[in-house]
Structures are given as structure tokens and as C-alpha cells.
Amino acid sequence: MSIHADSQRGRSGSGSIAAFAVASASLLGVSCGGGGGAGTGQTLPGVVLVDFLQAAQDNVPLNRTLEFRFSSAIDPNSVNPDSIQVRSGALFGAQVFGKFIVQDSTVYFEPKMPGLCDLSDGGFQPNVDYRVTLVGTPEEFAIRNLAGAPLQSTINALFHTRLITDPQLFEDHIPGLAPTVISTVPADGAYPQAPAAISAPVMVQQGNEVVITFSENLNPCTVNENTVLFYQYATGDPVLGFVPNADQTPSTPTTWGSGNSTTPPRRVRSTFTLAQDQLTTRLTLTPVFGEFPDNALLVVHVTNNVEDLGGIAMEPRSVSFVTENRSIQIRQKTFEFTTDFPIQPNVSTGDVNSTRSPGKVQGWLLFAGDGDNGASVVSLTGPTTVNGPVGCNSAGSQANDANPDDFDPTADVTLNTGATRNTCTNSTDGSKAVVFEYRSFRIRNGVTVRLVGVNAAIILVSGDISIEATGKLMVRGDGIGGNVQSNGLVGISANNTNTVAGGIGVAGGGDGGFANNSVSTAIYSQNGTAAIGSVDAYLSPGLGGPDPIRVGQGRGAVGQFLGAAYPPQRISPGGGAGGHAAIGGSGANTTGAANANATLMNTFVDGAGGSTTGDPTGRMRTAEAGSGGGGGGSEVWAQGITLNQTGGSGGAGGGFVDLTSSANITILGTIDASGGRGGQGGQYAAVQQFAYYGGGGGGGGGGSGGGIRILSPKNVTLGATTVLTTAGGVGGQSGYYAAGGITQNPGGNGGVGRIAIEDGDSVISGIAGATLIPAEGSPAGFYRGAFDATRFQGGGLQPFVITNVIDTGPTSPTFIAPDQTYAGTPVPAPGVPRVDFLAGIPLVASRGVGKTGILIEIQGFAALPDGTASSVGSGWRAIGYFKDSGAETFPTWSAGLPPPADVPTPADSAGTGFAAIDGKQFVQFRITFYLKSGVGPSDPGPYLDRWDFYYSYNQ
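In this report, we go over the structure that sits alongside the text. Just so we're clear, the structure is a prediction, and the values are computed from it rather than from any experiment. (Residues numbered from 1 in each chain as written. Predicted model: local features only at pLDDT ≥ 70, side-chain atom pairs only at ≥ 80, totals over all residues. Heavy atoms only, no water.)

Focus: the overall build of the protein
Scanning the protein from N- to C-terminus turns up one helix and 58 strands. Expressed as a percentage of the 955 residues in the protein, the buried residues total 53%. Looking at the protein as shown, the accessible area adds up to about 36,800 Å², and 54% of this sits on carbon and sulfur atoms. (Helix = DSSP H or I, 4+ residues; strand = E, 2+ residues; numbered from the N terminus. Buried < 20%, exposed > 50% of the residue type's maximum accessible area, 1.4 Å probe, protein only. Areas by Shrake-Rupley, 256 points an atom, 1.4 Å probe, with all protein chains shown as cover.)

Written as C-alpha cells, this is what we have:
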């Protein structure tokens, strides 16, 4: 009597490894005791385990059948995974899959045979300890004999499988013999038409899979599409199909009388499923398309590269059959946008079956970028000239490279914002700031990231942003590692014409004004440069010079007086500081005793500080950096006496950086966008007799602080180690003599810049312990609020999804234009309404009634002989688009021509319609969503919820 019961997950056993070893040893003691006790000679009631053949073995093959011998015939109904537990794992909790066979007093356990090369689907695994628990009295599910008596007690035993490198990892199913093909379905020479009724052929359903039965178990690593070849060799007559003749049962399987050769043969792409046990071994080939090609001569070659478990090669065998010559077929492929719509996540920016778009393809605002910065992680990715205006100059942006970028340097690095001013409008805040895009952004402890270049920077991050406690983001030149210096330089003493360069601004910060000691009355020190985000106020060019005389918003003016007394001289007030959130300080303009009648050289005020500039609300809706301070006035003598002292040059303004994330932002380190300090004026102490004439060169004005903008719809976290500073630079001191008591003329201090922080609830964790300049509660310069997506001026308004290349199945399909008429059409059947899409354009994201919300494009790829897709596609072709009808779930569908006129045609578009796609077995889709300006990050965009995709074929 026997029973086969599939093993399944049962109850877990218990006990220690030591106990298992003792149980195994005692088990060996009872193996020769028949029905009696272990060495006592006494008869015991119930069932006794006489022997477990594999107990304590340490080299069990993976296909070895476990054998248990009992003292009496076993009831098959008592044998199951609960009564005989075969388990593995650290605590022996994982059930081994297989089946039980009961034959009288012997029970066999056949482990599941692997069908995969990695053996993962097999019951036993290499080099693993297994425990067998045979459950006895008093358990209810104990092993019992035919009389109902239970196994006397529960018994545990251990064994171990062979190493994966063991050449006898498996034992040969039939030792010494080569495996052979026993049978196939369809049979060799199968023909779907009755030979006697050619004029009225009778179609015979053959199924859509090939099943090959072998004589013995096979090594699964030797069974694949390279060892079992499934190819189409010919196509039959378009009307009659394959007509039987002398070659109907061909001696050469790759030919069939009336067939038209397919040159070269074309692989029938299929999935391979190998299922085997001790009784049977079957390989099933299922076409990926789900059915065989029509009117085709198909041949399966089983090569001698297939081997059995003993390593013996297969006897080669070829099997051929032909398929039905059906009329044109129409296939409907329904995309539910779950697992059957594979996308390319590295290039797609829309959602597919996400937590916020379950079962949908949908566009959402990409305010934090697409995570792809291009080939160089340290070079900007936008804006491009596409963003306009016409003829604008991009600062050198790079294209995406379809690889998301995680910014996580292990050493100091610079981010280059460009050497020339960008004049293209970015699509994030509408300013001229350049853009970097990353999937994640991290500055580790001890790492400094420096912004260089002349443009303000926006860093968009689709994931988390983290600056660790000793990490730094420098938005000002610090002169380290070859980087520019934002501080003004010290003036010099010389009788020649000398210019002292001002501090250099980065990330949109204005440069400091230079200082000049030319004896010519036409050349004076320079004003500081206005920053990005400020507005220059131009006065009369006046005395001119290399920089027009400008004061006003954000710029510190030069300091320069002309002394009217003899000897004629210019004396040296300090330079004015740059202004931003606060007014820049004015330079001091005191004079020596001999210069009481000194007069202004022009109508402007020497040494005036820059005024406030930028967003009066403090939110910095567009980029705002700090302006440079003016150069200090120089003391210049006209007599040729070597007493000229150049003023100190002005400090540069701090730059601007925006950190925007769609996830969380944690800043425990430093972001420094402070202004540069002004340089000290030159001094000359050698000629004491002229000490009373002046105070040496004037100090340069300090640059104003820049801008730091931090935005997230989730959480922003600061801490005790956090430093966010946009402090203004300190004005430089004037030069002075060692004697004479001359009053100094320092430059003005730079005005403070701005910090704006927004997150989901405006509650910034850890802000109380952080160092912020300006601090919360300051009269000017600090803003904290809830995240406001309306600040974004168009960034991420065209999210899109690109799929992988999808196999439609037939070798030469003809695609049917999508329909959304809600009326009868001839496809799929006359009178059946066609509603191919479930789509919607929510009001909150709509660009307006009659405006395009979704564009669908397709490109095709021909099939190669090996069944894979060509690498050369047809180019993207628009096949239709949805416009808002005023009702969310009933948008208006337009198929084919012309393309939508209210949205830009994609730069890589190759036209419209299916004309270049028909006949291509492989296709790829691109779906673009268009959102209105001002849509929020949580506002749902247009979507597709289902798509019935139709095509016809007669392959």
C-alpha cells in the first residue's frame, strides 16, 4: 500500500543541536532491533522505527530519497509534513519541499528536484544541515500503523548534504546511460490539416506549448535556449499553408515541401520550465507571446549539450511540426499599469503604480528635479537655451545621461556654476540661477563642498539632503585649494600707479571694488559690483573710469576726496559696504588737519553704503546674492613724493544657494554664504613729516551677505552644530602713520543677507540650538514658513514615463489607432464600443479646457534572428493626445495627426502615426504629462488608469 503526499509547511520542531546528536546516536542503536527494544529483547507496544538509512550521514546527494523503515505497515493517512518533519536553517524551522511515498512498512521522502541552474527551487541545498523529526506518542499527529498504534516516541535525527563543488552533488538517475527524448507534444511531423480534405482543411488545435519528456533527470544548468533550440525555419503558402507531399514527414526536419524558407531561421522566444522527479522529467517551452507563429514550420533541436545528473551528454534529437494557417488575428493587450508595464526608472520622471498613483501612470510636479545631473556630477545641468529667451546664453549646461546621480563625495570638491553669466531663464524659480539635480545629496563629516563660478546655484534633490556635523557647503570664496578669495586685499604704498584687486564673488555674489592710486584725477577706486537679484541705480558717469559711477541697491560706493590745499592731493575715505537685507555701512570720511578745505570730487557721496535689495517679504522667491563693497580711497600726492598709499579693496558679496528636496533635509553642518571683509588701506611710515596730511589708504568696504534658501514639503532638521550664515563682511581699517594722531578712515560693514526656510508645517526641528545669521526674530533677513509650491515657475511641469522595449509577440504586427469614441467600431467587433483608455485630467493640474494634458508616443524596433530587438529604433512617433474637456474622467482624445499645437513638440520627435512602426515586433512607449504653472507637489496630475492596446497580425 502506498501514498504520495506533497510536502508543505508544517509545525516547527524544538530541541538543541546536542540533543539531535544524541538522538541520532540512539537511533543507530535501534536500527537492528526489529520490533523489540534497543538491546533488551523485550517486545514493545506500538510502532518502532527500525532504521533511517540517512541518519548521521554527512554526504547526502541533493536528489537522494530518504528511507524510513518501521516495525509494521504504516497508515498512509498518518504520513504528512506534520508527522515527518524535514527541516533546515539555523533553528531548523524551514520546511523542505518534496513528497512522501508509503509502501507497507517503509516510508520514502523524495525531495523536490531543481529545475533552475542555481538550485534555488530544489528541496535540498548544498552543504546544509537537515533535521528529521518523526513524531510519536503522545502527539495527536503521530505516525501510526494500520491498526492505529502510534510511533512509541518522537525521534530526531540529523544529516548533511554534499558540497556544491562535489562532482557527485547529484546521483545519476540512470547510471551509465545517455538521456534520450521519449516523447514530444506536438508530435514530430504534426500537421494541423487533414490531408484528405485540402480543399476544405480541418483545423486541429495543437496548443501553444512544446512539452518534451526525457528518459531521466537532467542537470538544470545544461537546459536553456542555447542547448535546446526553438526556431522557425519556413512559412507556408498564404492560402493553402503547408501542402502535404513526399516531404510531409521530412527526413530533414528543417524543410517541408511547400514551405518558403525563413532566412536566416528566426528564434521563437520562449520561457523554459524544467519539472522533474524520480518518475518523470519534462521540459515545457512556452512562447513569450503566448502562442506559436501562424503558418510556420517550427523545429526544436535538443543538442548534446544537454546532460544528465551524471554528466552524460544527451542523444541529439530534432522535432518539427507546422502550425495552423489562420486568418488575420486581432490581439488586445491590456496595460493595467501594475507589473505589465515595465518602465525605465533611470529616465522616467512620472509615477507608475506608486503609493500615490496605485495602478496608474501619472504626472506630478517635479519641483525637486529628476535626479539626473548628467555625465559630470560637479557640472551644472541647466538651464539650457531651450528655456529662453531667444538667443540667451547658457553657462554650459549638460544633458541628462539616463543615470540618476547620488552626490556623496569622500573628499573636498567644487561645484562649478559657470565662468560666464547665464542669461537663460531656469524653469525652477524663473531666475538666471543655474541648476544641479541629484537623487540624493550628502556632505560627509570633514568634507567641504565649494561653489565656484559666477552664477547663483539651485540644487534640486529628489531624495534626502544631509550635511553632517563637520561637513561644509561654502558659498563664498575662501582662497583654499586654488579657489578664489572673497576678501578684499590690503592696500600698498608706492609712487607708481597700482591697482589692488577686490574680492571675487562666487555663486552670484558681486565682486569687491578695486582700489587705485593713480596720480591722474580721472581714475579712482571702483564701486562694488551689484549681485544677482539686485537692481543697479546709475548716476551720471561723472569722472568715469573703468566702472561707471554707480551707487544704489546692493553696491558699496568708492571713497575718494580731493584736497584743495597745497600740495594738491586726494585723501582716503573708506569704501562703502554692499547692502542686501540690511543697508551697507558707509565708509568714514574724516580728513587730516591740513585738509579742512577738502572738497568732493563729484556729486555723489563718497563711501556710501549700498541700500536694501531683493524680496521685501524675505522669502527670496528668486535667487538673491550679496553685493560687493567699494574700494577704499587712496592717498595720492601730486608732487612726486613717494607717499602714495592705495586704499584696501572691497570684499565680495556672499553667493546664493538653494537646497530643494522632495524628501527630508537635515543640516547639522555649515552653509557659509557670508560677505567678504574689506582690505586694510595701505600705509607709509617712513616720512614722518607728512603725517598730518592724511591717514593712509582708506579701508575697503565689506561685501554684503548672500542668500540661503532651504525648501522641502516634508521636514527640515537643524541641530546644535548647525551654522547657517549670511553675515556681512567687516570693513577694512584705513592705513595710518606711526605718529601724528591721524583719524582712521575704515570701510563700512556689509549688510546682512537672507535665510529662507520652508517645510511641510513650518516647524523646523532643532532651530533653537542652531547658529543662524541673521537669527530668527532679526529685524531683517530671516524667513520661516510652510512650503509653498507656487514659488516654482515651471520646473518639472512636463514629467514623463519611458518604458522598456516591449515584445508584442507576432513577427509583423499592424497597429490599430487607439479609439475613445464610446461608439461602435469594427474593432474588436462590429457594434462594440471602443473605450481604449481610462484617463483623467484633474482640474487642479489642468492647463485649461481645450489644452493638452497627455501626449502618447511610440517607437518600434525590428526583431533580429535570435529573437531579440534591434538596437536601432524608428524614432518617437506621436500616436495621440488628451485634452481637457472640462470633465476630469472624460478628456478629449485626438489620434494621430496633427500633433498638439499648444505644447512644444519634443526635440527628438520623428513624426506622427503608426506608419513607421507597423511591422515592428518590439515597441517602446513614452507618455508625457503637462501641468499648469503653480500646481503643488501634492496636487494630482493627468493620468492613465488602463489602456487596451490593439494590433492585428497574420504571421
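Next, the rest of the story.
Digging into the packing of aromatic side chains
Considering all chains together, one arrives at 35 aromatic pairs under this definition. Residues F52 and F159 carry aromatic rings whose centres are separated by 6.5 Å and whose planes lie at 80 degrees to one another, so their mutual orientation is edge-to-face. One end of the pair, F52, is in strand β2 (residues 49-52); the other, F159, is in strand β9 (residues 155-160), with 107 residues separating them in the sequence. Here the two residues F52 and F159 agree in accessibility, since each one is buried. Between the aromatic rings of F335 and F949, the centroid separation amounts to 6.2 Å while the plane-to-plane angle is 40 degrees, which identifies the pairing as tilted. Taken as a pair, F335 in strand β18 (residues 329-335) and F949 in strand β58 (residues 943-953) lie far apart in primary sequence, 614 residues in all. (Phe/Tyr/Trp six-rings, centres within 6.5 Å; stacked < 30°, edge-to-face > 60°.)

Observations concerning the side chain of D672
Mapped onto the secondary structure, D672 falls in strand β39 (residues 670-672). The exposure class of D672 is buried, given its relative accessible area of 12%. For D672, the residues in contact, after removing those within four places along its chain, are L473, M474, V475, R476 and T725. (Contact = heavy atoms within 4.5 Å.)

A closer look at the nonpolar core
Counting 40 residues, the largest nonpolar core has I459, L473, I667, I671, L718, L724 and I757 as the members making the most contacts within it. Those residues within four positions of I459 in sequence are excluded, and the remaining contacts are L415, F436, Y438, F441, V657, D658, L659 and T660. (Core = buried A, V, L, I, M, F, W, Y, C linked by side-chain atoms within 4.5 Å.)

Quick word on the sheet that holds strand β44 (residues 771-773)
With parallel pairing, six strands are arranged side by side in an open sheet as β22-β25-β28-β39-β42-β44. The open sheet terminates on both sides in strands that have one partner only, identified here as β22 (413-416) and β44. Between one strand and the next, the sheet's axes are offset by a mean angle of 10 degrees, whatever the strand orientation. With three bridges connecting them, strand β28 (residues 472-474) and β39 associate as parallel partners. Bridge pairing in β39 places M474 opposite D672. (Pairing = 2+ DSSP bridges. Axes fitted to C-alpha atoms, helices over the stretch in contact; angles between N-to-C directions.)

Overview of the state of the cysteines
As used in these notes, a disulfide is a covalent bond between sulfur atoms, one from each of two cysteines. Throughout the structure, instances matching the rule amount to two disulfides. Here C117 is linked by a disulfide to C221, with a sulfur-sulfur distance of 2.0 Å. The chirality of the disulfide connecting C117 with C221 is right-handed, given an S-S dihedral of about 95 degrees. Of this pair, C117 sits in the loop between β7 (106-111) and β8 (129-134) while C221 sits in the loop between β11 (210-214) and β12 (228-235), and the two are 104 residues apart along the sequence. For C117, a relative accessible area of 44% corresponds to the partly exposed category. (Disulfide = S-S within 2.5 Å.)

A closer look at the side chain of T227
Here T227 is to be found in the loop between β11 and β12. If near-sequence neighbours (up to four positions away) are discounted, T227 is found in contact with T222, H301, V302, T303, N305 and V306.

A look at the pairing of strand β54 (residues 876-883)
Burial within β54 is extensive, with seven of its eight residues counted as buried. When β54 meets strand β56 (residues 909-912), the two strands line up parallel, connected through two bridges. By the bridge assignment for β56, A878 is matched with T912. With four bridges connecting them, β54 and strand β55 (residues 892-895) associate as antiparallel partners. Following the sheet pairing, G880 is matched in β55 by A895.

Some details on the pattern of salt bridges
Scanning the model with the defined rule gives 29 salt bridges in all. A salt bridge links R621 to D788; its shortest N-O distance comes to 3.6 Å. Of this pair, R621 sits in the loop between β35 (599-600) and β36 (636-637) while D788 sits in the loop between β45 (782-786) and β46 (800-802); the two residues are 167 residues apart in sequence, bridging distant segments of the chain. One salt bridge connects R791 with E758, and the closest N-O pair in it is separated by 2.4 Å. Of this pair, R791 sits in the loop between β45 and β46 while E758 sits in strand β43 (residues 754-759), and the two are 33 residues apart along the sequence. One exposure class covers both R791 and E758, and it is buried. Beyond isolated ion pairs, a larger network of salt bridges with shared partners links R619, R621, E758, D788 and R791. (Salt bridge = Lys/Arg side-chain N within 4 Å of Asp/Glu carboxyl O.)

With respect to the sheet that holds strand β4 (residues 84-88)
In space, the four strands of this open sheet follow the order β5-β4-β8-β9, with antiparallel pairing throughout. Lying at the two open borders of the sheet, with one neighbouring strand each, are β5 (94-95) and β9. One ladder, built from two bridges, connects β4 with β5; its direction is antiparallel. The partner of S88 across the bridge, within β5, is A94.

Examining unusual backbone geometry
The step from T137 to P138 runs through a cis peptide bond, and the omega angle for that step is 10 degrees. Mapped onto the secondary structure, P138 falls in the loop between β8 and β9. Note that the residue after I773, namely P774, is joined by a cis bond; omega there is 5 degrees. One non-glycine residue, N127, adopts positive backbone phi at about 55 degrees. In this fold, N127 is placed in the loop between β7 and β8. Residue N127 is classed as partly exposed on the basis of its relative accessible area, which comes to 44%.

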